[in-house]
Amino acid sequence: MAVREKDPVSGTELTGHEWDGIKEMDTPVPWASRWALWASIAVSVLFWLLYPSFPLVSGYAKGLLGYSTRAEVAAAVDLAEAERAQAFAPFQSADIAVLAADPALEARYGQAIGKLYADNCAACHTAGLTGQAGFPDLTDGHWLWSGSPEEIEYSIRYGINAAHDDTRSAQMLAFGADGMLEKAEVKEAVDFVLSLSARAHDAELAEAGRVVFEDNCAACHGDDGRGGYENGAPDLGDDRWIYGGSRDDIYRSVYYGRMGVMPAWEGRLSDAQIRMLTLYVLWNGNDAAD
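For every chain, the first residue of the written sequence is number 1, and numbering continues from 1 onward in sequence order. In keeping with the model being predicted, local features are shown solely for residues with a pLDDT of at least 70 and side-chain atom pairs are shown and tallied solely at 80 or more, while totals for entire chains, interfaces and linings include all residues. The side-chain quantities take in all heavy atoms of the structure and omit both hydrogens and water.

Along the chain, the regular secondary structure elements total 11 helices and two strands. The N-to-C order of helical and strand elements in the chain reads β-β-α-α-α-α-α-α-α-α-α-α-α. Scaling as 2.2 N^0.38, a compact globule of 290 residues should have a C-alpha radius of gyration of about 19 Å, whereas the chain reaches 37 Å, well beyond that. Over its C-alpha atoms, taken along the principal directions, the chain stretches across nearly 125 × 55 × 40 Å. Only protein chains enter the accessibility calculation, which uses a 1.4 Å probe. A residue is then buried if its area is under 20% of the maximum for its type, exposed if over 50%, and partly exposed in between. For the chain, buried positions account for 33% of its 290 residues. Contacts in the chain between residues at least 24 apart in sequence constitute 53% of all its contacts with a sequence separation of at least 6. The method behind every accessible area is Shrake-Rupley, applied with a 1.4 Å probe, and residues are considered shielded solely by the protein chains displayed. In the form shown here, the chain has an accessible surface area of approximately 18,000 Å², with 57% of it arising from carbon and sulfur atoms. Working convention for charge: Lys and Arg count positive, Asp and Glu count negative, and His plus the chain ends are omitted. In plain terms, the charge of a residue is placed at NZ if it is Lys, CZ if Arg, CG if Asp and CD if Glu. Treating the 22 positive side-chain charges of the chain as one cloud and the 44 negative ones as another, the clouds have centres 9 Å apart. The helix and strand labels rest on DSSP assignments: H or I over at least four residues marks a helix, E over at least two residues marks a strand, and numbering proceeds from the N terminus. Atoms counted for the radius of gyration: C-alpha only. Globule rule: 2.2 Å times the number of residues to the power 0.38. Contacts between residues were defined by any pair of non-hydrogen atoms, one from each residue, lying within 4.5 Å.

Below you can see the structure in the form of structure tokens.
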């Protein structure tokens, strides 16, 4: 048996491996490290037995404890849903008018419902409910379908021009683009609409536009242009405009038409959440019952 070279300093035998003049000593692994290795192996085997671990042919080893992070998360979600259902139990009532008449609800739930509004409605109607171009202002007391609690809930639940069997339908026809009116008649109708809200207009064109309006627009907006809750036609005599009240804006509305969409929230929000949003609009709107 060949005698191996030893380290001249420590006297430890060398393995014979050498890299760039550095020689490897044949030093055994410390016993503490050995025991730590075997202990870690034992612990890993224990965890393999107790908890879900490696895959099998048709599943995985579920462990003797039957523990599952998926089940734990599902249980936590169920608990949160139960707690939320209990917390918002008052909104399970089918009578929105009763809820609207309870002043204590706003003080207790206003902040939580505000978060619900911010997550689902603020993108269109803005955080302050004041609306923007193409989306109605919910604070002005001017309502297309009435501002009663029941009607607001209906609009939120089923939407307007939405993909729901019970949605409300409202459309401003494209009188110019579809050839129902000549351009001259569209301009006359525009001046008449401007006169309804006391805006700058040509009196002669407005008078001619009165006839155009009566023949084509009054069926929805009424003879006086004040609109109606039955068909969602806006009031043309106030100072509130969904798509803008300038001459050009009104001309585009008459010529090209309008058909805004309010999504139906039934199925995406619970009944309680829809009632909560209804109350939020009532609480933060002005003259909501008008």
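Two rings from Phe, Tyr or Trp (for Trp, the six-membered ring) form a pair when their centres sit within 6.5 Å of each other. Planes less than 30 degrees apart are called stacked, planes more than 60 degrees apart edge-to-face, and all others tilted. All told, the structure shown has 10 aromatic pairs when counted by the stated rule. Residues Phe88 and Tyr109 carry aromatic rings whose centres are separated by 5.5 Å and whose planes lie at 45° to one another, so their mutual orientation is tilted. Residue Phe88 is found in the loop between α2 (69-87) and α3 (96-100), and its partner Tyr109 is found in helix α4 (residues 104-120); the two are separated by 21 residues along the sequence. On the basis of relative accessible area, Tyr109 is assigned to the buried category, the value being 5%. Taking the centre distance of 4.9 Å and the plane angle of 80° together, the rings of Phe91 and Tyr109 count as edge-to-face. Residue Phe91 is found in the loop between α2 and α3, and its partner Tyr109 is found in helix α4; the two are separated by 18 residues along the sequence. Across the pair, Tyr109 and Phe91 agree in class, each one buried. Members of the aromatic cluster, each reached through a chain of ring pairs, are Phe47, Tyr51 and Tyr67. Two thresholds decide whether a charge sits over a ring: the Lys NZ or Arg CZ must be within 6 Å of the ring centre and within 35 degrees of the ring normal. The ring centre of Tyr60 lies 4.6 Å from the NZ or CZ of Lys62, which sits over that ring. Seen from the ring of Trp265, Arg268 lies directly overhead, with NZ or CZ sitting 4.5 Å from the centre.

Another point: the packing of helix α7 (residues 183-196) against helix α8 (residues 203-216). Geometry is summarised by axes, namely lines fitted to C-alpha atoms with helices restricted to the contacting stretch, and by angles between N-to-C directions that run from 0 to 180 degrees. Two elements in contact, α7 and α8, have axes separated by 7 Å at closest approach and are oriented at 100°. The pairing of α7 with α8 is recorded here as roughly perpendicular in orientation. Touching Glu185, Glu188, Ala189, Asp191, Phe192, Val193, Ser195 and Leu196 of α7 are Leu205, Ala206, Ala208, Gly209, Arg210, Val212 and Phe213, all from α8. Classification used: nonpolar for Ala, Val, Leu, Ile, Met, Phe, Trp, Tyr, Cys and Pro, charged for Asp, Glu, Lys and Arg, polar for all others including Gly. For the contact of α7 with α8, a count of residues per class yields nine nonpolar, two polar and four charged. For classification purposes, an angle smaller than 35 degrees is called roughly parallel, one larger than 145 roughly antiparallel, one from 65 to 115 roughly perpendicular, and anything else oblique.

With that out of the way, let us pick up the nonpolar core. We define the nonpolar core as a collection of buried residues of types Ala, Val, Leu, Ile, Met, Phe, Trp, Tyr and Cys that are connected through side-chain atoms lying within 4.5 Å of one another. Counting residues in each nonpolar core, the largest one holds 31 residues, and the members touching the most others are Phe91, Leu105, Ile113, Tyr117, Ile156, Leu277 and Leu279. Contributing elements (two or more residues each) for this core: α3, α4, α6 (149-158) and α11 (271-284). A per-element tally of this core places α11 first, with nine residues. Those residues in contact with Ile156, other than ones at most four positions away along the chain, are Met262, Pro263, Ala264, Trp265, Ile274, Leu277 and Thr278. Grouped together as the second largest cluster of nonpolar side chains are 16 residues, Phe175, Cys217, Ala218 and Tyr255 included.

Here a salt bridge means any side-chain nitrogen of Lys or Arg lying within 4 Å of a carboxyl oxygen belonging to Asp or Glu. Under the counting rule described, the total for this entry stands at 16 salt bridges. The shortest N-O distance in the salt bridge between Arg247 and Asp191 comes to 2.8 Å. On the criterion of sequence distance, the pair formed by Arg247 in helix α10 (residues 247-256) and Asp191 in helix α7 is long-range, its members being 56 residues apart. Among the residues examined, Arg247 registers a relative accessible area of 39% and is labelled partly exposed. A relative accessible area of 1% places Asp191 in the buried class. Through salt bridges with shared partners, a single network forms among Glu153, Arg157, Glu266, Asp271 and Arg275.

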